[in-house]
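Below are the chains, spelled out letter by letter.
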Amino acid sequence: MFNPSREQVRQFFCDAWRKHRESLPVEPIEDQIIRVIELHPEYSSVLDSGGDALERDYTPEEGQTNPFLHMGLHLAIREQSATDRPAGLAAIRAQLVERLADPHEAEHRMLERLGEA
């Protein structure tokens, strides 16, 4: 089983973003990550910062969202919706997108609940 460390996952995000900035070819999973980062330009400086971003603990006491957790939850929602697991999730996402007329906002509503769970 593949079980990357926190730093390896974060490095993967940073590397995907670097490849995008440098117009290098990317793998499909990197493209998914890039699409999420593009929705959150406020995280680009974190991804560009290198070592600090890889080692930093993001705690609620700091009053700052953990960008890697946030982006990871976006990816989880997209994967779960694509596979409709748990069953019915794709329909819920579709209903939210229709009601809100904004796929990104629909994901935010869903990831808030996922984060609570």
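All values reported here derive from a predicted model rather than from experimental measurement. (Residues numbered from 1 in each chain as written. Predicted model: local features only at pLDDT ≥ 70, side-chain atom pairs only at ≥ 80, totals over all residues. Heavy atoms only, no water.)

1. A closer look at the overall build of the chain
Put simply, the rule reads: In this description a helix means any DSSP run of H or I spanning at least four residues, a strand means any run of E spanning at least two, and both kinds are numbered starting from the N terminus. Radius of gyration means the value over C-alpha atoms here, while the globule rule gives 2.2 Å times the residue count to the 0.38 power. A 1.4 Å probe rolled over the protein chains alone gives each residue an accessible area, and that area as a share of the maximum for its type sets the label: buried under 20%, exposed over 50%, partly exposed in between. In this analysis, two residues are considered to be in contact whenever any of their non-hydrogen atoms come within 4.5 Å of each other. Each accessible area is a Shrake-Rupley estimate made with a 1.4 Å probe; only the visible protein chains count as cover when residues are assessed. Only four residue types enter the charge count: Lys and Arg as positive, Asp and Glu as negative, with His and the chain ends excluded. Note that the charge is assigned to NZ on lysines, CZ on arginines, CG on aspartates and CD on glutamates.
Secondary structure summary: the chain contains seven helices and zero strands in total. Taken over the C-alpha trace, the chain has a radius of gyration of 15 Å; the compact-globule value for 117 residues is 13 Å, and the two agree within 12%. In terms of overall dimensions, the chain has a C-alpha envelope of 40 × 40 × 35 Å along the principal axes. The 117 residues of the chain split such that 31% are buried. When contacts within the chain are restricted to residue pairs at least 6 apart in sequence, long-range pairs at least 24 apart make up 55% of them. When the accessible surface of the chain is summed, it comes to about 7400 Å², and 53% of that surface belongs to carbon and sulfur atoms. Averaging the locations of the 13 positively and 22 negatively charged side chains of the chain gives two centres separated by 3 Å.

2. Observations concerning the packing of helix 1 (residues 6-21) against helix 2 (residues 28-39)
Rules: Think of each axis as a best-fit line through the C-alpha atoms, taken over the contacting stretch in the case of a helix, with angles from 0 to 180 degrees between the N-to-C directions. For classification, angles of less than 35 degrees are called roughly parallel, those exceeding 145 degrees roughly antiparallel, those between 65 and 115 degrees roughly perpendicular, and all remaining angles oblique. The nonpolar class holds Ala, Val, Leu, Ile, Met, Phe, Trp, Tyr, Cys and Pro. Asp, Glu, Lys and Arg form the charged class, and all remaining residues, Gly among them, are polar.
At a minimum axis distance of 9 Å, the contact between helix 1 and helix 2 shows a crossing angle of 85°. Taken together, the axis directions place helix 1 and helix 2 in an arrangement best described as roughly perpendicular. Note on element contacts: helix 2 touches helix 1 through Ile29, Glu30, Ile33, Ile34, Ile37 and Glu38, opposite Phe12, Phe13, Ala16, Trp17, Lys19 and His20. Residues of the contact of helix 1 with helix 2, tallied by class, amount to eight nonpolar, one polar and three charged.

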